[in-house]
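The primary structure of each chain is shown beneath.
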Amino acid sequence: MRELRDLKGLRLRDLTRRQRLVISYGIGLVSVVAAFTLLYFWGMRTLENRPRSIFQALNTVIETMTTTGYGADSPWRTPAMNLFVATMQVTGVVIGFVTLRVLVIPLFERAPLRLDDRLSVKNDHVVVAEYQRDTEILLDELEELDVDYVLVESDDEEAKRLSDDGYQAINGDPEDREDLDRASIEKASMLITDAGTRTASVVLTALEANEELRVISFTDSTRRKAAFAEIGVDRSVAPHALIGRRLAEKATTPVSIDTAVDAGSVTIREVLVRRGSSLHGVQIRESPLASHPDLTLVAGWFDGELHVPPSPTDRLTPNTVLVVAGPEYTLDEVANEVAGVRNPRDTSQERVVVAGLGEGGTAAVEALPAHVPVTTVDESPDCDPDVVGDVTEPETLREADVEGASALIVTVDDDADALLTTAMARSLAPGVEILVRVTDTEKTAPAFRAGADYVLSIQQLCARLVAAEVHGERVMDPVGQIRLVRADASAFAGEALGDARRNADREWTVVGVARGGIVRTDEETVIESGDEMFVAGSDEAIQEFERTVDAS
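First things first, this report covers the structure right here in the doc. Note that the structure is a prediction, hence the values are computed from the model and not measured.

Turning to the overall build of the protein, a few remarks are in order. A count of helices and strands for the protein gives 19 helices and 20 strands. Buried residues in the protein amount to 48% of all 552 residues. Pairs at least 24 apart in sequence give 65% of the contacts found in the protein among residues at least 6 apart. A total of about 26800 Å² of accessible surface is found on the protein, and carbon and sulfur atoms cover 51% of it.

Here it is, written out as structure tokens:
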């Protein structure tokens, strides 16, 4: 009864535009058929002198308008009736097109999406259950690495758009077991979830279907890691905190030289490929640093990822920092060609300014070495910063003494503020090293134009981290210092320096050999049993080298 009362009380103005259109279409169609029926009934009786009942007239009109036939009454003798029947035929065709537009096409458009049919057969794949960042960057990274995946997207329109663009995406609720089953969750090897407060529900539902899943979860706060671990998350990632730590490491991790090495003979230096360099896009093997016979590429930072040693196919970008070893005078000459060099830091002069004390800024402060003075800046006094103020204003940066700092870490939440802070700091302190976090990958290039030396994008970092996790690699972890050690070269006698440097099986690299008080770095030099060799690499790589020497 309640439904009847509601229906009776429904007014025309309460109807949607679509409902009004359908009702108008129905009334119009009935009116046309009724009018044609009456006219046909009158015409057959008056003009043709062949009376028909009203129901026979209705049947003939329907047959004619639907083009299923013209009835048993044809042909007609009078011109008026022939003209009338022709009018009915044309009207029927027009109504057919209107019916398609008003009823049939919208019916299919409003039908539930069935994107499952576009999926390839899945097995041992990755299920991405929601992703709150730039989805296409993540999916492009997975496809580039030939990783099979299914994205479960709760937004129907977004899922359809991604599927139309060729991605393996379906619409569905990742908290719903049936929708996860559509993504073949029981055959998957990994679950990537970025579902915010729904993460726990998504993970528990997925693990109920497949207990063997490895689960990687993104979270806005490191405070949730313990809870996520409790429900079965294997690794929780807080992107803002992760980038904050990485920027702090990049700002303060020096390149170290063992005291046993004569620094005047062999020098290790970081060479920064600055914005505006003519080497952007050039592969490592084609750069003047790689082709120089007296220099050795020890390592390289590529968008926040350390390669020890760098691959010859790695390309130089404005975010590239190369760790190079060789004679100091040679380094100075070649570094100028690379368009800018950052000399080894004098740690006694270091001081870091951190702009923005959110999750990322706090993580950066915690990651900085205890001996490095830090000045923190934030607009909110609740964060207890050293300087309270807007970091986009020159007065605030002057109060933080950015001119006297060795590095500025920008971790403000808004990309526009990050770019303005960078430009303002660069105008006040041309020599300060500026390291910036941005959310949108497309803001990386503008950040460099604004004056940044080093930029990390949250979207790009998350995509690369997921790709590395799929391959079982660890990325963005604290990196040990690059070390340069001196050792007996007898175990490598007869091997040319060039061959030793190009050995892909070694994570350490030979910089040069000392012979007769002279350090030889030319790659044509052949190692002799009485030589001492200089070897560079991370702490772990040097330990591997020492085990190799001891074993031989």
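Here the focus is the nonpolar core. Val128, Leu142, Ile192 and Ile409 are the most contacted members of the largest nonpolar core, which has 51 residues in total. Here Leu142 is in contact with Val128, Val147, Tyr149, Val466, Ala467 and Val470, once residues within four sequence places are set aside. Core analysis: the next-biggest nonpolar cluster, separate from the first, contains 26 residues, Ala400, Leu408, Leu428 and Val455 among them.

Of all six residues making up strand E10 (residues 321–326), six are buried, and the element is well covered by its neighbours. Side chains Val321, Val323 and Ala325 project from E10 onto one buried face, and the interleaved Leu322, Val324 and Gly326 project onto a second face that is buried too. In this structure, strand E7 (residues 267–272) lies alongside E10, joined through six bridges in antiparallel fashion. Across the sheet, the residue bridging to Leu272 is Val321, located in E10. Across five bridges, the pairing between strand E8 (residues 296–302) and E10 is antiparallel. Its bridge partner being in E10, Ala299 is matched across the sheet by Val323.

Within the open sheet, the six strands sit side by side as E13-E12-E11-E14-E15-E16. Their pairing is parallel. Both edges of this open sheet fall to strand E13 (387–388) and strand E16 (454–457), since each of them pairs with a single strand only. Two elements, strand E11 (residues 352–355) and strand E12 (residues 374–378), share four bridges in a ladder whose sense is parallel. If you follow Val354 over to E12, its bridge partner there is Thr376.

Moving on, we come to unusual backbone geometry. Non-glycine residue Glu130 carries a positive phi angle of around 70 degrees. Judged by its relative accessible area of 8%, Glu130 falls in the buried class. Unlike most non-glycine residues, Ser184 shows phi in positive territory, near 55 degrees. As for its position among the elements, Ser184 is in the loop between helix H7 (177–182) and strand E4 (190–193). Overall, Ser184 belongs to the buried group, its relative accessible area being 16%.

Below, the discussion takes up the pairing of strand E18 (residues 509–515). Across the seven residues of E18, six count as buried, placing the element largely inside the fold. Sheet topology note: the E18/strand E20 (residues 532–537) ladder contains five bridges and is antiparallel. Considered in E20, the bridge of Thr509 is made with Ala536. In this structure, E18 lies alongside strand E19 (residues 518–520), joined through three bridges in antiparallel fashion. Across the sheet, Val513 pairs through a bridge with Arg520, a residue of E19. In textbook terms, the turn of a hairpin is the stretch between consecutive antiparallel strands, and for E18 and E19 this stretch comprises two residues, one of which, Gly516, has a positive phi near 60 degrees.

A word on the packing of helix H5 (residues 135–144) against helix H17 (residues 458–470). Between two packed helices, what matters for the description is the angle formed by their axes and the separation of those axes. For the pair H5 and H17, interaxial distance at closest approach is 9 Å and the crossing angle is 35 degrees. Handedness of the H5/H17 crossing: right-handed. For the pair H5 and H17, the contacting residues are Ile137, Leu138, Glu141 and Leu142 in the first and Gln459, Gln460, Ala463, Arg464, Val466, Ala467 and Val470 in the second. A class-by-class count of the residues in the contact of H5 with H17 yields seven nonpolar, two polar and two charged.

With parallel pairing, six strands are arranged side by side in an open sheet as E3-E2-E1-E4-E5-E6. The outermost strands of the open sheet, each flanked by one partner alone, are strand E3 (169–171) and strand E6 (235–237). Within this sheet the neighbouring strands show an average axis-to-axis angle of 20 degrees, counted without direction. Relative to E4, strand E1 (residues 126–129) runs parallel, the two sharing four bridges. Bridging from a neighbouring strand, Val127 pairs with Leu191 of E4. Lying over the sheet, H5 contacts E1 and strand E2 (149–153), oriented at roughly 165 degrees with respect to E2.

Calculation criteria
Residues numbered from 1 in each chain as written. Predicted model: local features only at pLDDT ≥ 70, side-chain atom pairs only at ≥ 80, totals over all residues. Heavy atoms only, no water. Helix = DSSP H or I, 4+ residues; strand = E, 2+ residues; numbered from the N terminus. Buried < 20%, exposed > 50% of the residue type's maximum accessible area, 1.4 Å probe, protein only. Contact = heavy atoms within 4.5 Å. Areas by Shrake-Rupley, 256 points an atom, 1.4 Å probe, with all protein chains shown as cover. Core = buried A, V, L, I, M, F, W, Y, C linked by side-chain atoms within 4.5 Å. Pairing = 2+ DSSP bridges. Axes fitted to C-alpha atoms, helices over the stretch in contact; angles between N-to-C directions. Left-handed = near helix turned anticlockwise from the far one by under 90°. Nonpolar A, V, L, I, M, F, W, Y, C, P; charged D, E, K, R; others polar.

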